Structure formats: structure tokens, C-alpha cells
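Fold and geometry: a report
As a plain string of letters, each chain reads:
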Amino acid sequence: QVPLEESGGGSVQAGGSLRLSCAASGYSLDSLCMAWFRQAPGKEREGVVGVDSDGKIIYAESVKGRFTISQDKLRNILYLQMNSLKPDDTGVYSCAAEWPGQFGYCDHWPRKYWGQGTQVTVSS
């Protein structure tokens, strides 16, 4: 069990910005495969940003150039900075984690552990 808790969601007008936080308890985020997901009403959950087996950050095409993932190692928090927000970005955002596989690789979207999610609403 890896406790995760998201925060930072809210309502913002199109073009605005939000910064989401994912806090972990008891484990270092550096030891985990981490990713951000989102789910819009009536749609399937989709990966927003994650890390591949070589440690490369992979962004969904729909958010590339607008969203940035970062880490506060001192406070053990993973951030998702979201700029130039669009109404289509509306949804529940969740962070997810898994333990790495062989050789410490993260070769798929992690989905073993989840936070409760935080609502992001972008109005036009």
C-alpha cells in the first residue's frame, strides 16, 4: 500500500493555470513509477504524463507544451503544472504509482496505487 493524496484542483477560466500536487506518505516518489491521469465526464481515463523505462518524460499529445511535471524531493511531492488550460482539460485528475519492474524500469502506465483525485474545471 502506497498512500497518495492529490490537491490543487479548482475552477479556472480558459487560458488560466493550475498546479496540482501529489503527496506520498511512507515512500519516496523517487523509488516509484509515477504518472498523472485524468477522466472527463462520460469518457475513459487517460494518461496525461508518465515516465518510460529510460526515465524519459512522456506527455500526452493533447497536453504537450502546456503541462509540465516536476518534483519537490525535500517535501516528497510530485507536481503537475498546467498552463493555457482549455475546457477540454476538465476532469478528475489522479496520480498513480507502481513499484518498478526488472532493472528498475517503468515500461507501462502505473495503475496499482491511486489517490482520491482532484477536480479541475475549465470554463470558456
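Here, every reference points to the structure presented above.
The notes below deal with the structure included here. Given the structure is predicted, the values throughout are model-derived calculations rather than measurements.

Calculation rules
- Residues numbered from 1 in each chain as written.
- Predicted model: local features only at pLDDT ≥ 70, side-chain atom pairs only at ≥ 80, totals over all residues.
- Heavy atoms only, no water.
- Helix = DSSP H or I, 4+ residues; strand = E, 2+ residues; numbered from the N terminus.
- Rg over C-alpha atoms; globule rule 2.2 N^0.38 Å.
- Buried < 20%, exposed > 50% of the residue type's maximum accessible area, 1.4 Å probe, protein only.
- Contact = heavy atoms within 4.5 Å.
- Areas by Shrake-Rupley, 256 points an atom, 1.4 Å probe, with all protein chains shown as cover.
- Lys, Arg positive; Asp, Glu negative; His and termini not counted.
- Charge placed at Lys NZ, Arg CZ, Asp CG, Glu CD.
- Phe/Tyr/Trp six-rings, centres within 6.5 Å; stacked < 30°, edge-to-face > 60°.
- Lys NZ or Arg CZ within 6 Å of the ring centre and 35° of its normal.
- Pairing = 2+ DSSP bridges.
- Axes fitted to C-alpha atoms, helices over the stretch in contact; angles between N-to-C directions.

A closer look at the overall build of the protein chain
Within the protein chain, the secondary structure is distributed over 0 helices and 11 strands. Reading the protein chain from its N terminus to its C terminus gives the helix and strand order β-β-β-β-β-β-β-β-β-β-β. In terms of C-alpha radius of gyration, the protein chain reaches 14 Å, essentially the compact-globule figure of 14 Å for 124 residues. Based on the C-alpha atoms only, the size of the protein chain along its principal axes is roughly 45 × 25 × 25 Å. With 124 residues in all, the protein chain has 42% of them scored as buried. Taking the contacts inside the protein chain whose residues are at least 6 apart along the sequence as the reference set, 62% of them involve residues at least 24 apart. Total accessible area on the protein chain is roughly 7,100 Å²; 47% of this is exposed by carbon and sulfur atoms. Side chains of the protein chain give 12 positive and 13 negative charges; the mean places of these two sets differ by 3 Å.

Examining the packing of aromatic side chains
Summed over the entire model, instances satisfying the criterion amount to 4 aromatic pairs. Centroid distance Tyr27 to Trp99: 5.1 Å. Interplanar angle 75°. Geometry classified as edge-to-face. Of the two residues, Tyr27 sits in the loop between β3 (18-24) and β4 (33-39) while Trp99 sits in the loop between β9 (91-98) and β10 (113-114), which places them 72 residues apart along the sequence. Connected via pairs of aromatic rings, a cluster forms that spans Phe37, Trp109 and Trp114. The positively charged end of Arg19 is found above the aromatic ring belonging to Tyr79, 4.2 Å away from the centroid.

Regarding the sheet that holds β3
Across the sheet, 4 strands lie side by side as β1-β3-β8-β7; this open sheet has antiparallel pairing. The sheet is open, and its two edges are formed by β1 (4-7) and β7 (67-72), each paired on a single side. Strand-to-strand twist of the sheet, defined as the mean angle between neighbouring strand axes without regard to direction, takes the value 20°. Direction of pairing for β1 relative to β3: antiparallel, over a ladder of 4 bridges. Each residue of the ladder has a partner; that of Glu5, found in β3, is Ala23.

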